[in-house]
Amino acid sequence: MPNLLRGLHRYLRLILPLLVLTLVHRFLVLDLDATYNFGAVYHGAETKIALYKAWWPQNQTAILVGLRSDILFVLIASCLAFIFKSRLTILFLIVLCLFYAANTEHLHYNFSHIRLGTLHMALNPTFIEGSGLTPAFLLNLFAMSAIAVVIYRATHSALVRAFAGFIAAALCGAVYLLPQEFSPLDPGWMQTHPLAFSVRADRTAVGQQDFPTNALDSASLAPLSGDGPVYNVLVVYLEGVSQYSLTTGDMPFLQKLAADNLSFTRYFGNQLQTNNGLYTSLTGHYPNFLGVSSPWDSLHADTPAARAALPNILASRGYTTAFLQSADLAFMQKATHLSQLGFQEVKGREAWTDFHSENGWGIDDLGLFEASLEYIDGLPRDAPWLVSLLTSGTHAPYNVPANFMPEAPSRLRAIRYADLAAEKLIEGLQSRRLLDKTVVVFTADESREPGGRSNLENEILLNWLPLIVAHPNGKRGAIDWPLGATAFRDLALRLAGAWDFHEIDRLNRPNEPLVFGNYYKRRVFWFDRQQGDFYACYTGSFLCAQFTGVTDLTKLAGMKPAAVLREPKMQEIFQRHEAPR
């Protein structure tokens, strides 16, 4: 009995600081979502009150479900007091402060909770220098730690512990009263605590739909004609830029370039994160969707994906191949894996000495493009070349010279500067008379675009990427049918030689589903174009909202799901795709 009373005493001491820390974390991330993800770029200058009036109705139920998850975490985690003594309790609270501060930063830039399987990335020097020790992170860590220590010390008072007992009883009642139904239409992070993410769908009906079991198989490379001219190929990956920025007019040069040339207005990246974007677009193979691991991590030169990669194929046809990026090459082992894909030369941050600004993620976009033009100047004139560029200026925290649009919101400054840099790159190619023998492709590795739309539409924005082609043959047009990043390799091979629109139309395969996902958010999306069925699913139990009659994934506003179902047959397809071979 004395041990039980001591444990209860420590429980009441722990529950109060734990509750306050958890509520502070919840307030911080909700405020970030409202003011940054929902409002900072696309809603213009609004008062906080006006912004919250627009934001709250869309998210009210999800917030209450998330609050219930937070309370459950507090009630259960406080039971550690029966194990921990005072010093270990303080250590636990400080570690939790560290996690909450890091999770707040993660939500700011990735719109999701931290997945514990990705924590190893936080130890990478490039990540620490680029995103790990921001002023906001350090401020939140200090403030939360101070709150935790002050409140925990205050619980020495019997009166404060009595108040904590009343709070504990109220929390138990709140768990019963607050809504608990998880919705596949609302953000998962908003409905869950970051250390207690689960999707309960026990009472949800099971779907009977059959899905093509070969949907995630890698397509074989289509035979290409060897006749006609051979062009240089310049592929520019704009870090984290969405097609949405072009549709809103926030990148006017690229918008005009798209209108004057060939553009794919419904191009979707299959997965988030740079390594997945490069792997999929260069190899034509699908990434993983369920776990945090990527096929990129286990890549080696003899894998089928590497042998069939775009740079390896073009190198076998006599091309000089190179990959140039702003950031350090050690992050994601790019030097190793890009070489395995067939890039004969790979250069990163350590290669650049002239630039306009820099941060932990590398040099600014204009600086990279100017250095890339100098690199192209030194390439042999008697052989075609493939050069791929990867920027980092639009990766948060953004890298933009201080005197560029200093009063504008940070995201808008970054994408406008990237647009200016793209214009200077095209001017540089034109002054060198390279545009008549070079295919220039602007796309992105992934998207990080807040859009201020409905929650489901905002999540699709994270896979909706630009794809603009300026070709020496001058052909132009907007292609509106959906295209996944797995088709990028085949498209680039066609563009490198003689082609017409019949060649491009062969990539339009309405009988094959468009599959893409977001492993940060534990999301997969499945679009059956022939039937017009679109499934938005959480991967935990494959709880899916099914929409019918869908023709355009970028225009779902006002649509209601025809059904909410669990789809175990779809789940089996993804599990089989990621099973060890």
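For the structure, check the block above.
Here the structure is a predicted model, which is why all the values come from computation and not from measurement.

Definitions and cut-offs
- Residues numbered from 1 in each chain as written.
- Predicted model: local features only at pLDDT ≥ 70, side-chain atom pairs only at ≥ 80, totals over all residues.
- Heavy atoms only, no water.
- Disulfide = S-S within 2.5 Å.
- Buried < 20%, exposed > 50% of the residue type's maximum accessible area, 1.4 Å probe, protein only.
- Patch = residues over 30% accessible without salt bridge, like charges linked within 9 Å, V, L, I, M, F, W, Y side chains within 5 Å.
- Areas by Shrake-Rupley, 256 points an atom, 1.4 Å probe, with all protein chains shown as cover.
- Salt bridge = Lys/Arg side-chain N within 4 Å of Asp/Glu carboxyl O.
- Helix = DSSP H or I, 4+ residues; strand = E, 2+ residues; numbered from the N terminus.
- Pairing = 2+ DSSP bridges.
- Axes fitted to C-alpha atoms, helices over the stretch in contact; angles between N-to-C directions.
- Contact = heavy atoms within 4.5 Å.

Draft legend 1. Geometry of the state of the cysteines. The full count for this structure, using the stated rule, is one disulfide. Paired through a disulfide, Cys537 and Cys544 show a sulfur-sulfur distance of 2.1 Å. Between Cys537 and Cys544, the S-S dihedral sits near 110 degrees, and the bridge is therefore right-handed. Cysteine Cys97 remains unbridged, with the sulfur of Cys79 as its closest cysteine sulfur at 20 Å. A relative accessible area of 0% means that Cys97 is categorised as buried.

Draft legend 2. Region of interest: a nonpolar patch on the surface. Nonpolar side chains collect at one region of the surface, where Leu5, Leu8, Phe82 and Ile83 lie side by side and expose about 400 Å² of accessible area between them. With respect to the secondary-structure elements, Leu5 resides in helix α1 (residues 2–38).

Draft legend 3. Representation of the sheet that holds strand β18 (residues 563–566) in the model. Pairing is antiparallel in the open sheet, where five strands are placed in the order β14-β15-β16-β17-β18. Strands with a single pairing partner mark the edges of an open sheet, and in this sheet they are β14 (514–518) and β18. Strand after strand, the sheet turns through a mean of 20 degrees between neighbouring axes, direction not considered. The sheet contact formed by strand β16 (residues 533–538) and strand β17 (residues 543–547) spans five bridges and is antiparallel. Within the sheet, the bridge partner assigned to Cys537 lies in β17 and is Cys544. Its contacts with the sheet place helix α18 (residues 568–578) against β14, β15 (523–528), β16 and β18, and it is angled at close to 110 degrees to β15.

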